[in-house]
Amino acid sequence: MKTLITGGAGNLACQYTHLLPPDHEILLVDIADTPVAPVREGTRFEQGDLCDREGLFALIDREKPDRVLHLASLLSGSTEMNRTLGWQINATAGFDLLEACHASGVGRVLFPSSLAVWGGDLPDPMPEDQETWPDGLYGVTKVAVERLGHYYHSKHGLDFRAVRLPIIISPYAPQGAASAYASHAFVECAQGRPFRFKVRPDTRVSMMYVKDALGAFSLLLEADPDHLTRRVYNIQAIAPDGEELLQMVKQVLPDSDIDFDPDPEVADLIHSWPGVIRDESARQDWGWSSEWNLESLATDILKEVS
Ligand SMILES: NC(=O)c1ccc[n+]([C@@H]2O[C@H](COP(=O)([O-])OP(=O)(O)OC[C@H]3O[C@@H](n4cnc5c(N)ncnc54)[C@H](O)[C@@H]3O)[C@@H](O)[C@H]2O)c1
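Residues numbered from 1 in each chain as written. Predicted model: local features only at pLDDT ≥ 70, side-chain atom pairs only at ≥ 80, totals over all residues. Heavy atoms only, no water.

1. Quick word on the domain arrangement of the protein
Link 1 in the chain: Partitioning the protein into domains gives domain 1 (2-168 + 208-234) and domain 2 (169-206 + 238-276 + 291-305).
Link 2 in the chain: Computed from C-alpha coordinates alone, the two centres of domain 1 and domain 2 are separated by 24 Å.
Link 3 in the chain: Across the contact, 26 residues belong to domain 1 and 26 residues belong to domain 2.
Link 4 in the chain: Summed over both sides, the interface between domain 1 and domain 2 buries roughly 2200 Å², with carbon and sulfur atoms accounting for 59% of that surface.
Link 5 in the chain: Put simply, domain 1 and domain 2 have three salt bridges between them.
Link 6 in the chain: Across the contact surface, domain 1 and domain 2 share 16 residue pairs in polar contact (both at pLDDT 80 or more).
Link 7 in the chain: Elements with a contribution of two residues or more to the side of domain 1 that touches domain 2: α1 (11-17), β7 (167-169), β9 (207-209) and α7 (210-222).
Link 8 in the chain: At three residues, α7 tops the list of elements feeding residues into the side of domain 1 that touches domain 2.
Link 9 in the chain: Of the residues assigned to the side of domain 1 that touches domain 2, the class counts are 16 nonpolar, six polar and four charged. (Domains from an automatic or database assignment. Contact = heavy atoms within 4.5 Å. Buried area = accessible area lost by both parts, 1.4 Å probe. Salt bridge = Lys/Arg side-chain N within 4 Å of Asp/Glu carboxyl O. Polar contact = N/O pair within 3.5 Å; in protein donor to acceptor, adjacent residues only side chain to side chain. Helix = DSSP H or I, 4+ residues; strand = E, 2+ residues; numbered from the N terminus. Nonpolar A, V, L, I, M, F, W, Y, C, P; charged D, E, K, R; others polar.)

2. Section: the site of the ligand
Link 1 in the chain: Residues in close proximity to the ligand total 27 residues, the closest being Leu-12, Asp-30, Asp-49, Tyr-138 and Lys-142.
Link 2 in the chain: Within the side chain of Asp-30, an N or O atom sits 2.6 Å from an oxygen atom of the ligand.
Link 3 in the chain: The separation between an oxygen atom of the ligand and a polar side-chain atom of Tyr-138 is 2.6 Å.
Link 4 in the chain: With the chains in place, 90% of the 820 Å² that the ligand exposes on its own is no longer accessible.
Link 5 in the chain: Here the ligand occupies the largest pocket.
Link 6 in the chain: Every element with two or more residues in the shell around the ligand is listed here: α1, β5 (108-114), α5 (137-156) and β7.
Link 7 in the chain: With three residues, the single largest contributor to the shell around the ligand is β5.
Link 8 in the chain: For the shell around the ligand, a count of residues per class yields 17 nonpolar, seven polar and three charged. (Near = heavy atom within 4 Å. Areas by Shrake-Rupley, 256 points an atom, 1.4 Å probe, with all protein chains shown as cover. 1 Å grid on protein atoms, 1.4 Å probe; cavity = no way out; pocket = protein on both sides within 12 Å on 5 of 7 lines; lining within 4 Å. Sits in = over half its atoms within 2 Å of the grid points.)

3. A few points about the packing of aromatic side chains
Link 1 in the chain: Tallied over the full model, the rule gives nine aromatic pairs.
Link 2 in the chain: On the numbers, 5.1 Å between centres and 80° between planes, the contact of Tyr-151 with Tyr-152 is edge-to-face.
Link 3 in the chain: On the numbers, 5.0 Å between centres and 25° between planes, the contact of Phe-197 with Phe-260 is stacked. Placement of Phe-197 in strand β8 (residues 195-197) and of Phe-260 in strand β11 (residues 258-260) is noted, with a sequence separation of 63 residues between them. Like Phe-260, Phe-197 is buried.
Link 4 in the chain: The structure contains a cluster of three or more aromatic residues connected by ring pairs, namely Tyr-181, Phe-195, Phe-197 and Phe-260. (Phe/Tyr/Trp six-rings, centres within 6.5 Å; stacked < 30°, edge-to-face > 60°. Buried < 20%, exposed > 50% of the residue type's maximum accessible area, 1.4 Å probe, protein only.)

4. Topic: the environment of Gly-149
Link 1 in the chain: For Gly-149, the location among the structural elements is in helix α5.
Link 2 in the chain: The contacts of Gly-149, once residues within four sequence positions are left out, are Leu-98 and Phe-160.

5. Let's talk about α7
Link 1 in the chain: When the terminal C-alpha atoms of α7 are compared, their 19 Å separation across 13 residues agrees well with the 18 Å that a helix rising 1.5 Å per residue should span.
Link 2 in the chain: Looking only at α7, the buried set comprises Val-210, Asp-212, Ala-213, Leu-214, Ala-216, Phe-217, Ser-218, Leu-220 and Leu-221. (Expected span 1.5 Å × (residues − 1).)

6. Examining the environment of Asn-82
Link 1 in the chain: Here Asn-82 lies in the loop between α3 (76-81) and α4 (83-104).
Link 2 in the chain: Counting along the chain gives 161 residues from Asn-82 to Glu-243, while the straight-line C-alpha distance between them is 31 Å.

7. Re the sheet that holds β5
Link 1 in the chain: Reading across from one edge, β3-β2-β1-β4-β5-β6-β10 is the order of the seven strands in this open sheet, with parallel pairing throughout. Single-partner strands in this sheet number two, and they are β3 (44-47) and β10 (232-234). On average, adjacent strands in this sheet sit at an angle of 20° to one another, irrespective of strand direction.
Link 2 in the chain: With four bridges connecting them, strand β2 (residues 25-30) and β3 associate as parallel partners. Note that in β3 the partner of Leu-27 across the bridge is Arg-44.
Link 3 in the chain: In this fold helix α2 (residues 53-63) packs onto β1 (2-6), β2, β3 and β4 (67-70), with an angle of close to 165° to the strand it touches most, β1.
Link 4 in the chain: Helix-sheet contacts for α4 involve β1, β4, β5 and β6 (159-165), and the interaxial angle to β4 is about 180°. (Pairing = 2+ DSSP bridges. Axes fitted to C-alpha atoms, helices over the stretch in contact; angles between N-to-C directions.)

8. Quick word on the side chain of Glu-128
Link 1 in the chain: Within the secondary structure, Glu-128 sits in the loop between β5 and α5.
Link 2 in the chain: Of note is the side chain of Glu-128, whose polar atom sits 3.2 Å from the backbone nitrogen of Glu-280.
Link 3 in the chain: Glu-128 has contacts with Arg-164, Arg-230, Asn-234, Arg-278, Asp-279, Glu-280, Ser-281 and Ala-282, leaving out every residue within four places of it along the chain.

Structure below.
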């Protein structure tokens, strides 16, 4: 079994390698030259730009992976700051990747979509089939790839599976990603640095510990195709507001210098994302359930950081 992971130098890709069995071949591909976190022994790494269409087709054709995890992306803030590049990486390269996988007969493609596909006034809890009208361009690109995946499955039989991740709390969250404020709060304070939330104390958004998210990747990848009733699944774990996060950081790191200094643009975008998201289909179809609450993840992430 061979798995190719795009965005392979990133936060989720590196941590996911440790969940794959030792006899499983892994190839990470990324425009960056070095993985941000330790990877499983024996993992191959190759530098490459997914926006190089010819290079991408040649890579998929040469490697003929059984599975592709398509994680390469600009995140929300960077996409908003550089819309053309954001569209090229997130949407155009997403289309090229699905086309290349179809052309080379790749068995299965996993795509992490995002809670950023929703926007506007959202009910809380939010129903599973809430319409996807994102406020930010990053969310627009995620909707585009969800729809493309649905098309490649229904018209061409590609086994495309997507999971809409909430904000992931991780020790390796990308620097500069404003949406990674919960991760940065724990990591910065654990290292004795001050931290200021750019969101407001009452901003309540769906979040999840990285170990839950990686477990969801494994469950969805391994799920029996006959049990899947949809191509795109929601998953839910916790929904703390800014104040609850601040109090949890203070509980585990009492000397923290942590406070709020909201940035209106960041705060408004994140405030447009949902709190509690209904996820019955993921529970029924492939046995999804969250194992980490805010207190247990806070203790665990400090162990990881230290
Ligand atoms: N972390 C979260 O909170 C979160 C939430 C929802 C969805 N997601 C999605 O999960 C995936 C992984 O997220 P992450 O947290 O690991 O982010 P990350 O930024 O750590 O990883 C993304 C990787 O993509 C690479 N990349 C960017 N442009 C590229 C290009 N042109 N060619 C090749 N590689 C390129 C980057 O170098 C980076 O290593 C992304 O698709 C992201 O949108 C993440």
